[in-house]
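Residue-level structure breakdown
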Amino acid sequence: MLKELKAAAEEVGFSIIIATSDRNINDQLNRIVRSEELPLALVSWDLNVNVTFNENGLMDNPTTEVTLLLIDKAESLEKIDLEEKAQEMGDLFIKFIKNSKDYMTKNTNARENPITNISFTYAPSYGSGKHSGVLGRFTMQLPIPSEC
């Protein structure tokens, strides 16, 4: 699932970095943006996966709820520049979601509504580095391993 998310993100122009949940997100963000190219997205590695079976006893595609912080740096710390960059990241998030849905449909066995419950919140000024972006959330189907 992380492989698919990373591939879909690369296709629309940003990288996904897997963050650790046992460390402060602001500390990780400051370290990561020094070495990575913006825009980028942080996703926590501790994703809960839900597995269910349908009425016929067959396994449904597992699902997980993803929270993703997609950020870039505004031209300045002026309110208008921060807001414009956050809106740009919102547009990029929507493009990423569309691309992720298409990628999952074409490249995995997650066919019907592979991404649902999509939402995001604008974050014009996030963290001590004053990055601008969006905090996105969505539910994603994972492929069923072929041996299942």
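Scroll up to find the structure this text is about.
Keep in mind the model is a prediction, meaning the values are calculated, not measured. (Residues numbered from 1 in each chain as written. Predicted model: local features only at pLDDT ≥ 70, side-chain atom pairs only at ≥ 80, totals over all residues. Heavy atoms only, no water.)

This part is about unusual backbone geometry. The amide bond that connects leucine 38 to the next residue, proline 39, takes the cis arrangement and shows omega of 0 degrees. Along the polypeptide, proline 39 turns up in the loop between α2 (25-35) and β2 (40-44). Backbone geometry places asparagine 113, a non-glycine residue, at a positive phi of 50 degrees. With respect to the helices and strands, the residue asparagine 113 is situated in the loop between α3 (79-107) and β5 (115-126). Relative accessible area serves as the criterion here: at 52%, asparagine 113 is assigned to the exposed category. (Helix = DSSP H or I, 4+ residues; strand = E, 2+ residues; numbered from the N terminus. Buried < 20%, exposed > 50% of the residue type's maximum accessible area, 1.4 Å probe, protein only.)

It is worth spelling out the pattern of salt bridges at this point. Applying the stated criterion across every chain, the model contains five salt bridges. The partner of glutamate 83 in a salt bridge is lysine 79, with the nearest N and O atoms 2.3 Å apart. In this pair, glutamate 83 and lysine 79 both sit in helix α3, four residues apart, roughly one turn of the helix. Exposure remark for glutamate 83: the relative accessible area of 32% places this residue in the partly exposed category. Overall, the relative accessible area of 60% leaves lysine 79 in the exposed class. Overlapping salt bridges bring together Asp72, Lys85 and Glu88 as one network. (Salt bridge = Lys/Arg side-chain N within 4 Å of Asp/Glu carboxyl O.)

What follows covers the side chain of glutamate 4. Here glutamate 4 shows up in helix α1 (residues 2-12). For the buried glutamate 4, no salt bridge is present, and the opposite-charge side chain at shortest range is lysine 3, 4.2 Å distant. Leave out the neighbours within four places in its chain, and glutamate 4 touches Tyr103, Met104, Thr108, Met140 and Pro143. (Lys, Arg positive; Asp, Glu negative; His and termini not counted. Contact = heavy atoms within 4.5 Å.)

The set of residues buried in α1 consists of Glu4, Leu5, Ala8, Ala9 and Val12. Seen along its axis, α1 keeps its buried residues to an arc of 130 degrees; they face one direction. With respect to the buried face of α1, the exposed residues turned more than 90 degrees away are Lys3 and Glu11. On its buried face, α1 sits against β1 (15-19), β4 (63-72), α3 and β6 (131-141). Of the residues flanking the end of α1, it is glycine 13, one or two places downstream, whose phi is positive at about 110 degrees. (Arc of directions from axis to C-beta.)

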